[in-house]
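Take a look at the letters that make up each chain.
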Amino acid sequence: MIATSFLEISAKAYRQNIRYIRSEIGPKTIISAVVKGNAYGHGIPQMVEIAEKAGIRHFSTFSSDEAWEVFRHSKKKSQIMILGMLYPEEMGDLIKAGISFYVYDFQRLELAINLSKKLGIPAKIHIELETGFHRTGFEWSSRDRLSKILLAESDSLELEGLCTHYAGAESISNYVRVKNQIEVYHKFREYFTHKGIVFHKYHTACSAATLIFPETIMDMVRIGIAGYGFWPTKETFYAKLNSLPKANKNPLKRLITWKSTVMSIKSVKMGEFIGYGNSFMALHNMRLAIVPVGYGHGYSRLLSNQGQVLIGGQYCQVVGTVMMNAIALNITKLKNIEVGDEVVLIGKQKNKEITVASFSESTQQVNYEMLTRLPKDIPRKIIP
């Protein structure tokens with residue numbers, strides 16, 4: 001079976017990104033590779049293979065289904081941590097598999113304790129703290145009740161981590177808010193330490209915090225978007241710019257290239273409308289290349305009459321409305337384009353490039369959103 005498009009995932013680029021992140025955090029801090037959202041669209045099976053070969057032995061997922069996928073594909077018995085959703089009926093299996101998970105309320109904590117006692121296996125948990133994000137986490141007011149339970153049930157719990165998540169660490173406008181969160185986290189940490197409660201890992205930093213709030217680098221950092229070669233925001237990049245070597249002002253390398261082929265070549269006369277509706281009229285005689293990728297494959301309709309791709313090393317504009325399964329490209333000025341020629345939707349061709357940033361800006365999406373919308377059924381190929 002041959003798909004209409006495919007993604008190439010560069011293992012070399014990932015290794016470069018990990019080397020850069022390691023240079024920022026030092027040799028001892030654990031890197032947890034965040035693979036939620038199908039590894040930011042790159043594919044969990046592919047990224048587990050690439051990451052483990054690059055020395056990664058810890059993975060973070062949002063949900064239990066993602067955790068099980070990492071578990072199935074890991075060949076190094078890597079540690080797996082669930083940051084968010086799991087169903088009560090599967091917690092027992094997670095405990096038996098040694099998969100750790102965030103605990104952010106008393107209901108989940110009590111269930112973990114009860115199942116641990118029933119199974120005779122300590123539950124590996126990370127206590128998540130509410131420091132100002134206001135999503136999940138134990139409130140400061142619950143600290144006494146929480147500490148009493150952790151002390152009383154120490155045989156049933158393996159305290160893997162004490163953690164939080166910073167709200168908006170990627171934006172300078174949130175600087176004061178993030179600083180306040182850091183202060184609240186350390187207040188919690190000091191409280192638990194005073195009570196004699198010690199955790200295996202203290203971790204709070206996402207990609208942005210790792211890069212621009214070095215005080216958040218503790219026993220482990222949770223690296224998502226930066227591992228895939230993207231700065232969390234332009235502000236993050238600008239904050240690091242002066243400290244980057246002159247010879248390499250962008251040490252983060254993108255892993256992903258999205259390719260398809262020309263399916264058909266079509267001639268259109270001046271005055272004819274192209275595609276559905278009347279959003280584009282040919283103002284002169286035109287030649288079109290039809291490419292079998294559309295919004296059903298994650299190529300947004302918002303790119304109608306705006307998007308660009310690369311064919312023959314040249315930029316070509318999308319004309320007409322993006323269809324479910326195809327787009328039309330203006331190749332009037334190009335010569336020698338044939339059916340079967342390579343089309344690059346994201347990535348490099350010869351000396352030109354379509355970046356995810358430019359692609360997502362055209363659709364008013366952020367990098368994260370555009371990447372995670374790439375369907376799972378697009379084949380992913382690892383490029384060494």
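Below: a short report on this structure. (Residues numbered from 1 in each chain as written. Predicted model: local features only at pLDDT ≥ 70, side-chain atom pairs only at ≥ 80, totals over all residues. Heavy atoms only, no water.)

**Here we look at the overall build of the protein**
Part 1 of the reasoning: A tally of helices and strands in the protein yields twelve helices and 18 strands.
Part 2 of the reasoning: With respect to the three principal axes, the spread of C-alpha positions in the protein is 80 × 45 × 40 Å.
Part 3 of the reasoning: Burial status across the protein gives 54% buried among its 384 residues.
Part 4 of the reasoning: Nonlocal contacts in the protein, meaning residues at least 24 apart in sequence, comprise 66% of its contacts between residues at least 6 apart.
Part 5 of the reasoning: Where the 48 positive side-chain charges of the protein centre and where its 34 negative ones centre are 7 Å apart. (Helix = DSSP H or I, 4+ residues; strand = E, 2+ residues; numbered from the N terminus. Buried < 20%, exposed > 50% of the residue type's maximum accessible area, 1.4 Å probe, protein only. Contact = heavy atoms within 4.5 Å. Lys, Arg positive; Asp, Glu negative; His and termini not counted. Charge placed at Lys NZ, Arg CZ, Asp CG, Glu CD.)

**So, a nonpolar patch on the surface**
Part 1 of the reasoning: A cluster of nonpolar side chains, F62, M85 and Y87, forms an exposed patch at the surface whose accessible area comes to about 300 Å².
Part 2 of the reasoning: In this fold, M85 is placed in the loop between β4 (79-82) and α5 (91-97).
Part 3 of the reasoning: Of the residues examined, M85 reaches a relative accessible area of 33% and is grouped as partly exposed. (Patch = residues over 30% accessible without salt bridge, like charges linked within 9 Å, V, L, I, M, F, W, Y side chains within 5 Å. Areas by Shrake-Rupley, 256 points an atom, 1.4 Å probe, with all protein chains shown as cover. Salt bridge = Lys/Arg side-chain N within 4 Å of Asp/Glu carboxyl O.)

**A short note on unusual backbone geometry**
Part 1 of the reasoning: A positive phi angle, close to 55°, is found at N38, a residue other than glycine.
Part 2 of the reasoning: Relative to the helices and strands, N38 is located in helix α2 (residues 36-40).
Part 3 of the reasoning: The backbone phi angle of A39 is positive, close to 55°, even though this residue is not glycine.
Part 4 of the reasoning: As for its position among the elements, A39 is in helix α2.
Part 5 of the reasoning: The class of A39 is buried, set by a relative accessible area of 0%.

**Examining the packing of helix α7 (residues 143-152) against helix α8 (residues 175-194)**
Part 1 of the reasoning: In contact at an axis separation of 11 Å, α7 and α8 are set at 45° when each is read in the N-to-C sense. The orientation of α7 with respect to α8, classified from their angle, is oblique. Judged by the twist between their axes, the crossing of α7 over α8 is right-handed. Here R143, D144, L146, S147 and L150 of α7 come into contact with α8, specifically with F188, Y191 and F192. (Axes fitted to C-alpha atoms, helices over the stretch in contact; angles between N-to-C directions. Parallel < 35°, antiparallel > 145°, perpendicular 65-115°, else oblique. Left-handed = near helix turned anticlockwise from the far one by under 90°.)

**Things to note about the packing of aromatic side chains**
Part 1 of the reasoning: According to the stated counting rule, one finds 15 aromatic pairs in the structure shown.
Part 2 of the reasoning: With centroids separated by 5.8 Å and ring planes inclined at 75°, the aromatic side chains of F192 and F199 adopt a geometry described as edge-to-face.
Part 3 of the reasoning: Overall, the relative accessible area of 0% leaves F192 in the buried class.
Part 4 of the reasoning: In this structure F199 comes out as buried when scored by relative accessible area, which is 3%.
Part 5 of the reasoning: Aromatic ring contacts, followed pair by pair, group W140, F188, Y191, F192, F199 and Y202 into a single cluster.
Part 6 of the reasoning: The ring of F106 carries R145 above its face, with NZ or CZ at 3.7 Å from the centroid. (Phe/Tyr/Trp six-rings, centres within 6.5 Å; stacked < 30°, edge-to-face > 60°. Lys NZ or Arg CZ within 6 Å of the ring centre and 35° of its normal.)

**Details of helix α1 (residues 11-25)**
Part 1 of the reasoning: Spanning 15 residues, α1 covers 21 Å between terminal C-alpha atoms, matching the ideal 21 Å at 1.5 Å per step.
Part 2 of the reasoning: Structurally, the start of α1 carries an N-cap: the backbone nitrogen of K12 is 3.5 Å from a side-chain oxygen of S10.
Part 3 of the reasoning: Looking one or two places after α1, you find G26, whose phi comes out positive at around 90°. (Expected span 1.5 Å × (residues − 1). Polar contact = N/O pair within 3.5 Å; in protein donor to acceptor, adjacent residues only side chain to side chain.)

**Regarding the pairing of strand β2 (residues 30-34)**
Part 1 of the reasoning: With four of its five residues buried, β2 lies for the most part within the structure.
Part 2 of the reasoning: Where β2 and strand β9 (residues 220-223) come together, four bridges link them in parallel fashion. For I31, the partnering residue across the bridge sits in β9 and is V221.
Part 3 of the reasoning: The pairing of β2 with strand β3 (residues 58-61) spans two bridges and is parallel. Following the sheet pairing, V34 is matched in β3 by S60. (Pairing = 2+ DSSP bridges.)

**Overview of the environment of S147**
Part 1 of the reasoning: Considering the arrangement of structural elements, one finds S147 in helix α7.
Part 2 of the reasoning: Taking the C-alpha atoms as reference points, S147 and Y191, separated by 44 residues in sequence, lie 9.1 Å from one another.
Part 3 of the reasoning: Within the structure, S147 has its side chain in polar contact with the side chain of Y191 (distance 3.2 Å).

**Some remarks on the packing of helix α3 (residues 44-53) against helix α4 (residues 64-73)**
Part 1 of the reasoning: Relative orientation of the contacting elements α3 and α4 amounts to 50°, with a least axis distance of 9 Å. Here α3 lies oblique to α4, going by the angle between them. The handedness of the crossing between α3 and α4 comes out as right-handed. Contacts between α3 and α4 involve I44, P45, V48 and E52 from the former and E66, E69, V70 and H73 from the latter.
Part 2 of the reasoning: Broken down by class, the residue content of the contact of α3 with α4 amounts to four nonpolar, one polar and three charged. (Nonpolar A, V, L, I, M, F, W, Y, C, P; charged D, E, K, R; others polar.)

**Section: the environment of H42**
Part 1 of the reasoning: Counting through the fold element by element, H42 comes out in the loop between α2 and α3.
Part 2 of the reasoning: Of the residues examined, H42 reaches a relative accessible area of 0% and is grouped as buried.
Part 3 of the reasoning: Spatially, the C-alpha atoms of H42 and D65 are 16 Å apart, while their sequence positions differ by 23 residues.
Part 4 of the reasoning: Once you skip the residues sitting within four places of it in the chain, H42 turns out to touch I9, M47, Y228, L255, I256, L371 and R380.

This is a description of form; function is not addressed.
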